[in-house]
Amino acid sequence: MKKVTQILLRAYLRRYPARFRLSQFNFLSKYSWIKNVLEDLRPEFFPPLDDEGADVEGVPFDAVPRNIIHPLEGREIRGDRGTYRMDTFQYARGNGLIFSGVQLESNQPVTIKVYRLEHAFFSEADIRDRQQAFESLAGLKLADERDHDFRVRCPIEAIADASPISADDGRHGAHCCYLMTDGHDADSLTLAEAIAQRHAFPPATVRRVLEQILQTLAFLHQQRYTFPSGQTQTGVIH
């Protein structure tokens, strides 16, 4: 019976992209009757990590050093719109680390993307400049105040942390910037993942997706924006 359960659980977990498997694994672990089977499968899906360091850009959970992730889990960040708690690390996307979290005042789920400014690569002046630029993106709106949907994720809040965070072993000291978005943001598939699941799209769908991508790029580069400071400029860095 245990072998059958193991086969079924393995097939179930493999249905999900690597970055979603941890949340499904943790959810199933709540059921005591399959917890031992899941622990047998853990090394297969989440092998031990080499804490000497790994590239954390664009990689799933099991390739990110735990000594970097652990100090962030459970951390509370205070912003202008509330206090947020970082719960579970999900995966790495681009240059950031994606965590599920919650806004404590409203108990609403949020997605928190963390950008690390490593002391080994940035001077204190560079870190301050980047943090100020980062926070200015929260509250970004069209200069003409129109309301358009160009498939750009609008942040709930952008927060630059003044206190540096070190890894568990004391290395990799960094200042962090936190981007809070809707709780469903972490569940969104990238285009590459959608293609991997469906293998191919019909020509009409390909044309529609390309048109949407071009519209979004034109929006990011050519539209005039107003920042919270009142400054207006054409295009945004992305």
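Fair warning: this is a prediction, and the values are worked out from it, not measured in the lab.

(A) Structural view of the overall build of the protein chain. Within the protein chain, the secondary structure is distributed over seven helices and nine strands. Accessible surface computed for the protein chain: about 14,300 Å², of which carbon and sulfur atoms make up 53%.

(B) Structural detail: helix H1 (residues 2–14). End to end, H1 covers 18 Å across 13 residues, agreeing with the expected 18 Å (1.5 Å per residue, within 8%). Turning to H1, its buried residues number three or more, namely Thr-5, Gln-6, Leu-9 and Leu-13. Along the axis of H1, the buried residues cluster in a sector spanning 100°; they form a single face. Exposed side of H1, more than 90 degrees from the buried face: Lys-3, Leu-8 and Arg-14 are the residues found there.

(C) Expanded view of unusual backbone geometry. For Asn-107, which is not glycine, the phi dihedral falls at a positive 60°. Here Asn-107 is to be found in the loop between strand E3 (96–103) and strand E4 (108–118). Judged by relative accessible area, which is 60%, Asn-107 ranks as exposed.

(D) Up close: helix H7 (residues 203–222). For H7, which comprises 20 residues, the first-to-last C-alpha distance of 28 Å matches the rise-based estimate of 28 Å (1.5 Å per residue) to within 8%. Burial in H7 covers these residues: Thr-205, Thr-216, Phe-219 and Leu-220. Within H7, the buried residues cover an arc of 95° as seen down the axis, which keeps them to one side. Residues of H7 that are exposed and point over 90 degrees away from its buried face: Pro-203, Arg-207, Leu-214 and Gln-222.

(E) Region of interest: the nonpolar core. By size, the foremost hydrophobic cluster in this structure holds 18 residues, and its most contacted members are Leu-72, Met-86, Leu-97, Phe-99, Ile-112, Val-114 and Tyr-178. Contributions of two or more residues to this core are made by helix H4 (66–69), strand E2 (82–93), E3, E4 and strand E7 (174–182). A per-element tally of this core places E2 first, with four residues.

(F) Spotlight on the pattern of salt bridges. The full count for this structure, using the stated rule, is six salt bridges. In this structure, Glu-39 and Arg-42 form a salt bridge, with 3.2 Å as the shortest nitrogen-oxygen distance. Of this pair, Glu-39 and Arg-42 both sit in helix H3 (residues 32–45), three residues apart, which is roughly one turn of that helix. Here Arg-42 falls in the partly exposed class, since its relative accessible area comes to 30%. Between Asp-87 and Arg-85 there is a salt bridge; the shortest N-O distance is 2.7 Å. Under the relative-accessibility criterion, Asp-87 is labelled partly exposed at 29%. Taking relative accessible area as the criterion, Arg-85 reaches 29% and is therefore assigned partly exposed. Connected via shared salt-bridge partners are Arg-10, Arg-14 and Glu-44.

(G) Focus on the side chain of Gln-90. Of note, Gln-90 is situated in strand E2. Reaching out from Gln-90, the side chain makes a polar contact with the side chain of Ser-100 at a distance of 3.3 Å.

(H) Representation of the sheet that holds strand E1 (residues 76–79) in the model. What the six strands build is an open sheet, ordered E1-E2-E3-E4-E7-E6; its pairing is antiparallel. Of all the strands in the sheet, just E1 and strand E6 (157–160) have a single pairing partner and so form its edges. Taking the axes of each pair of neighbouring strands and ignoring which way they run, one obtains an average angle of 35° across the sheet. Contacting E4, E6 and E7, helix H5 (residues 124–136) runs over the sheet at an angle of about 10° to E7.

About the criteria used
- Positions within a chain are numbered from 1, following the residues in the order the chain's sequence is written.
- The predicted origin of the model limits local features to residues at a pLDDT of at least 70 and limits the giving and counting of side-chain atom pairs to 80 or more, whereas totals for whole chains, interfaces and linings rest on all residues.
- To obtain the side-chain values, all non-hydrogen atoms of the structure were included, while hydrogens and water were left out.
- Only DSSP runs of H or I reaching four residues or more are called helices, and only runs of E reaching two or more are called strands; each is numbered from the N terminus.
- Per-residue and other accessible areas were derived by the Shrake-Rupley procedure at a 1.4 Å probe size, with only the shown protein chains allowed to occlude residues.
- Multiplying 1.5 Å by the helix residue count minus one yields the expected span of that helix.
- Relative accessibility under 20% of the residue-type maximum defines a buried residue, over 50% an exposed one, and the middle range a partly exposed one, all with a 1.4 Å probe and only protein chains included.
- The directions considered for the arc run from the helix axis to the C-beta atoms.
- Put simply, a nonpolar core is a bunch of buried Ala, Val, Leu, Ile, Met, Phe, Trp, Tyr and Cys residues held in one set by side-chain atoms that sit within 4.5 Å of each other.
- A side-chain nitrogen of Lys or Arg and a carboxyl oxygen of Asp or Glu constitute a salt bridge if their distance falls within 4 Å.
- N or O atoms closer than or at 3.5 Å make up a polar contact, with two conditions inside protein: a donor-capable atom paired with an acceptor-capable one, and, for residues adjacent in sequence, both atoms drawn from side chains.
- A pair of strands counts as paired when DSSP detects no fewer than two bridges linking them.
- Between the N-to-C directions of two axes lies an angle of 0 to 180 degrees, each axis being a line fitted to C-alpha atoms and, for a helix, fitted only over the stretch in contact.
- Pairs of residues are marked as contacts when any of their non-hydrogen atoms sit within 4.5 Å.

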